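Structural characterization, general
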Amino acid sequence: MPLLEVHDLRTWFPVGRGLFKPVKYVKAVDGVSFTLDAGEVLAVIGESGSGKTTLGRTVLRLIRPTAGKIVFDGKDITYAPDASLKWYRFSTAMIFQDPFSSLNPYHTVQYILEEPLILRKVPPQKRRELVVKALEEVKLVPPEDFLKKYPHMLSGGQRQRVGIARALITRPRFIVADEPVSMLDVSIRAEILSLIRSLQSKYNIAMMYITHDIATAKYLADKLLVMYAGKAVEYGPFRDVIKEPLHPYTQALIEALPDPDPTNRLKIRKVPPGEPPSLVNPPTGCRFHPRCPYMIKGECDKEEPPLVEVKRGHYVACWLHIKR
Amino acid sequence: MPPLLELRNVKMYYGVTNGVVKAVDGVSFVLNKGEAMALVGESGSGKSSLAFTIIRLLPRNVAEFSGEILLHDEELGTVDLAKMSEEELRRKIRWKKISMVFQASMNALNPILKVQDQMVEPLVLHLGLSKQEAIKIAEEALLSVGLAKDVLTRYPFELSGGMKQRVVIAMAIMMKPKLVILDEPTSALDVITQANIMNLLKELKAKFDLSYILITHDIALASEIADKIGVMYAGKIVEIAPSDIFFRKPKHPYSQKLLAAVPSLREEKAIEYIPGDVPSLINPPPGCRFHPRCPYAIKGKCEREEPPRRQVEGSEVACWLY
């Protein structure tokens, strides 16, 4: 049995509510399914506004889903009231994107790391021990130098280490890492990624890694879920999807990524023009069709492609790959 | 190609409460006409400060500013931007000869002013054009960045991130400058939008024979456009080389490390990282500034004496190994 099972999850936000106005919805997550085993890493890839962050927050039940099902460790938590979710909060954690605004500037590193332990009623002696160990694990050494520091005294990379230490200090079974390295320099990204990877596998933590950069996901992910305008367009084992991306959008995401190569400057990249659509009025049919180079007229713009398994474990939602 | 911009031993220090920040510390390089150079380095290496220094937008607390910034121009001849008056810079250089796309500048568009008002303002105020002329120029610029004319009458919040970035690029090229300085022009954009913007920059470069100075921490992105790479570390350029040489054979240990840290989707390689942090620019390490993080540091040499920049197989490198 997988640790986490998400089935046809939908998170819609009502907008423009008024007495006589029809309620419209921003369909941020619109029918996404996946499963995650203990210790497994799922990369969720998509552009801004594709709903990847909303998906992460809904799975953590920071947002109430509109429809669908979330099962964690055999328990259905989809609509469980907040009061009965304490056990779930205690077994999950989140690493945030922005290390500059996700740490309280008035708290010392020690307090930032201690707070989740205080909530779990860990005795003070034990807390101090765990904090020192957590700092060592994220390579903020010697830990004594960092305990009394405030976030503003740390560099971006050091702050993100504190963020990681805070997420892991309670030994969660599942974490959501939302773009944990996108605000950092490329040179530090590598270090933070390998740190997350080593701690994640050491403690066998299941993880959702949310990012718009597939290249960084390669160093972490076992599975890949590609989102476009609230929908999952491709889902499967990471290496299989990268080796043979089936959806034109996944292909574009990969094509758009430069490798350091001096011949890049001599060529124009073949990427679709335009930007992702509004989630209030998404395009009819396949949501990618207005930008898709392989669009089949009368089909892709009319009917929405379902997510189907084309190869073992490799799912895609594209009419090019669905036999009718 | 004739040289367009020449920097000779440019220094720009600024004072803060606990000392003097040596943000740009003796930088020299030559940029040719129609050439694109990327300045790469980690945050805090002084790349943005160098860009601001070139167009003389100095911080108010500047402590030292010296060196020569020579612009070779058909119309003005050779002029030293470091010695020009503020008035002259505004009338003759900024926008017309050198323009800049600032970091996160798409978010600097005023949300309550129409695009038209924001594009026309510098033309009318600084360059004394009539409003009619200015609007015509703005329209043309928008067309050349792939936007419709009617964007002029829209407000920034009606535009997507990619469109706003195009507006900012249109502003940078509208007076047909020779050199455009791009400070992290795509850092807030998604990968596909980023690729579209890089495509646009390549087209504009060919069409208007532009020179670029691209400032970025992403070496892979730099390879999208740069003919030449300059690597900055702690206020200094430690290596400068043509792209074809740089990406095949980076010479400075710092350059090698930077390249090894780039995650790659296509290539199977273990990802490496540079231990330690960028040094403080107030008290940089003595000798070679990279020596505390360098795996090849030669004891008794690298921490004592600063290496000069020398020609090595087509690159210029400042390292005692060569």
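Along each chain, numbering runs from 1 in the same order as the chain's sequence is written. Whichever chain is written first is A, and whichever ligand is written first is 1; the rest continue in order. Local features in this predicted model are restricted to residues of pLDDT 70 or higher, and side-chain atom pairs are both shown and tallied only at a pLDDT of 80 or more, whereas totals for entire chains, interfaces and linings draw on every residue.

1. Re the overall build of chain B
Quick note on the threshold: Helix and strand assignments follow DSSP, with helices taken as H or I runs no shorter than four residues and strands as E runs no shorter than two, numbered in order from the N terminus. Each radius of gyration reported is based on C-alpha atoms, and the globular scaling rule is 2.2 Å times the count of residues to the power 0.38. Each residue is classified by how many other C-beta atoms fall within 10 Å of its C-beta atom, where C-beta atoms are placed from the backbone; a count of 20 or more means buried, 12 or fewer means exposed, and values in between mean partly exposed. Residues are defined as contacting one another if the C-beta atoms placed from their backbone atoms lie within 7 Å.
Along chain B, the regular secondary structure elements total nine helices and twelve strands. Here the C-alpha atoms of chain B give a radius of gyration of 20 Å, agreeing with the 20 Å that 2.2 N^0.38 yields for 322 residues. Taken along the three principal axes of its C-alpha coordinates, chain B extends 65 × 50 × 40 Å. Each of the 322 residues in chain B was classed as buried or not, and the buried ones make up 48%. Of the contacts formed within chain B by residues at least 6 apart in sequence, a portion of 64% connects residues at least 24 apart.

2. Let's talk about the domain arrangement of chain B
The parts lose accessible area when they come together, and the size of an interface is often stated as this lost area. All names here are of chain B. Heads up, the rule is: Domain extents, as shown, originate in an automatic or database domain assignment.
By the assigned domains, chain B splits into domain 1 (3–97 + 178–275) and domain 2 (108–176). At the interface, 13 residues of domain 1 touch 15 residues of domain 2. Looking at the side of domain 1 that touches domain 2, the element that brings in the most residues is helix H6 (residues 191–208), giving six residues.

3. Side note on the interface of chain B and chain A
Here is the rule: Just so you know the grouping, Ala, Val, Leu, Ile, Met, Phe, Trp, Tyr, Cys and Pro go in nonpolar, Asp, Glu, Lys and Arg go in charged, and all remaining residues, Gly too, go in polar.
With 40 residues of chain B in contact, the opposing surface of chain A contributes 37 residues. Of all the secondary structure elements, the ones that give two or more residues to the side of chain B that touches chain A are H6, helix H7 (219–222), helix H8 (243–248) and helix H9 (253–260) of chain B. With eight residues, the top contributor of residues to the side of chain B that touches chain A is H6(B). For the side of chain B that touches chain A, the residue count by class is 18 nonpolar, eleven polar and eleven charged.

4. Focus on helix H1 (residues 52–59) of chain A
All names here are of chain A. H1 sits mainly inside the fold: six of its eight residues count as buried. Buried within H1 are the following residues: Lys52, Thr54, Leu55, Gly56, Thr58 and Val59. Looking one or two residues beyond H1, the residue adopting positive phi is Arg61, at roughly 60°.

5. With respect to the pairing of strand E1 (residues 4–15) of chain A
Residue and element names in this part refer to chain A. As a reminder, the rule being used: Should DSSP find at least two bridges between two strands, the strands are taken to pair.
Sheet analysis places E1 next to strand E4 (residues 67–72), joined by five bridges and oriented antiparallel. Note that in E4 the partner of Arg10 across the bridge is Ala67. Strand direction decides the pairing type here: E1 and strand E2 (residues 24–36), joined by ten bridges, are antiparallel. Bridge pairing in E2 links Val6 to Phe34.

6. A short note on unusual backbone geometry
Of note, the amide linkage connecting A:Val141 to A:Pro142 takes the cis form, showing an omega dihedral of -10°. One non-glycine residue, B:Trp95, lies in the positive phi region at around 70°. Looking at the element boundaries, B:Trp95 is found in the loop between helix H2 (86–93) and strand E6 (98–101).

7. Some details on the pairing of strand E2 (residues 19–32) of chain B
All names here are of chain B. Across eleven bridges, the pairing between strand E1 (residues 3–16) and E2 is antiparallel. Opposite Val10, over in E2, you have Val27 as the bridge partner. Taking the residues between adjacent antiparallel strands as the criterion, E1 and E2 are bridged by two residues.

8. Looking at the environment of A:Leu55
All names here are of chain A. Looking at the element boundaries, Leu55 is found in helix H1. Measuring from C-alpha to C-alpha, the distance between Leu55 and Thr11 comes to 7.7 Å, with 44 residues separating the pair along the chain. Apart from residues lying up to four places away in sequence, Leu55 is in contact with Val29, Val32 and Val44.

9. Focus on helix H5 (residues 161–173) of chain B
Residues and elements named next belong to chain B. Put simply, the test is: How far a helix is expected to stretch is found by multiplying one less than its residue total by 1.5 Å.
Taking 1.5 Å of rise per residue, 13 residues should cover 18 Å, and H5 covers 19 Å from first to last C-alpha, within 8% of that figure. Of all 13 residues in H5, twelve are buried; the element is thus mostly enclosed. Along H5, the residues classified as buried are Gly162, Met163, Lys164, Gln165, Arg166, Val167, Val168, Ile169, Ala170, Met171, Ala172 and Ile173.

10. Things to note about the sheet that holds strand E12 (residues 315–317) of chain B
Residue and element names in this part refer to chain B. Cut-off, in case you're wondering: Interaxial angle, 0 to 180 degrees, is taken between N-to-C directions of lines fitted to C-alpha atoms, where a helix line uses only the stretch in contact.
Strand order in the open sheet formed by eight strands is E6-E7-E8-E3-E9-E10-E12-E11, with mixed pairing between adjacent strands. A strand with exactly one partner marks an edge of an open sheet, and here the two such strands are E6 and strand E11 (310–312). Averaged over all pairs of adjacent strands, the angle between strand axes in this sheet comes to 20°, irrespective of strand direction. When E6 meets strand E7 (residues 179–183), the two strands line up parallel, connected through four bridges. What sits directly across from Met100, in E7, is Ile181.

11. Points about the confidence of the model for chain B
What counts here: A residue's pLDDT is simply how confident the predictor is in it, with values from 0 to 100.
For chain B, per-residue confidence averages 91 on the pLDDT scale, and 100% of positions sit at 70 or higher. Among the scores for the predicted complex, ipTM is 0.85 and pTM is 0.89.

12. Description of the sheet that holds E4(A)
Residue and element names in this part refer to chain A. Ordered in space as E2-E1-E4-E5, the four strands form an open sheet in which the pairing is antiparallel. Where the open sheet ends on each side, the last strands, each with one partner, are E2 and strand E5 (75–76). In the packing of H1 onto the sheet, contacts are made with E1, E2 and E4, and the angle to E2 comes to roughly 65°.

13. So, the packing of helix H3 (residues 109–119) of chain A against helix H4 (residues 124–137) of chain A
Residues and elements named next belong to chain A. For clarity, the threshold we go by: By definition in this entry, angles of less than 35 degrees are roughly parallel, angles greater than 145 are roughly antiparallel, angles of 65 to 115 are roughly perpendicular, and the rest are oblique. By convention, the crossing between two helices is left-handed when the near helix turns anticlockwise from the far helix through less than a right angle, and right-handed when the turn is clockwise.
Packing of H3 against H4 brings their axes to within 10 Å, and their N-to-C directions diverge by 120°. In terms of orientation, H3 lies oblique with respect to H4. Like other packed secondary-structure pairs, H3 and H4 cross with a definite hand, here right-handed. Across from Gln110, Leu113, Glu114 and Leu117 in H3, the residues of H4 making contact are Arg127, Leu130, Val131 and Ala134. Taken together, the residues of the contact of H3 with H4 break down into five nonpolar, one polar and two charged.

14. Observations concerning the packing of H3(A) against helix H6 (residues 156–168) of chain A
Residues and elements named next belong to chain A. Running from N to C, H3 and H6 cross one another at 25°; their axes reach a closest spacing of 8 Å. With respect to their mutual orientation, H3 and H6 come out roughly parallel. For the crossing formed where H3 meets H6, the hand is right-handed. Taken together, the residues of H6 that come into contact with H3 (itself represented by Val109, Ile112, Leu113 and Pro116) are Val162, Ala165 and Arg166. Across the contact of H3 with H6, the residue classes break down as six nonpolar, no polar and one charged.

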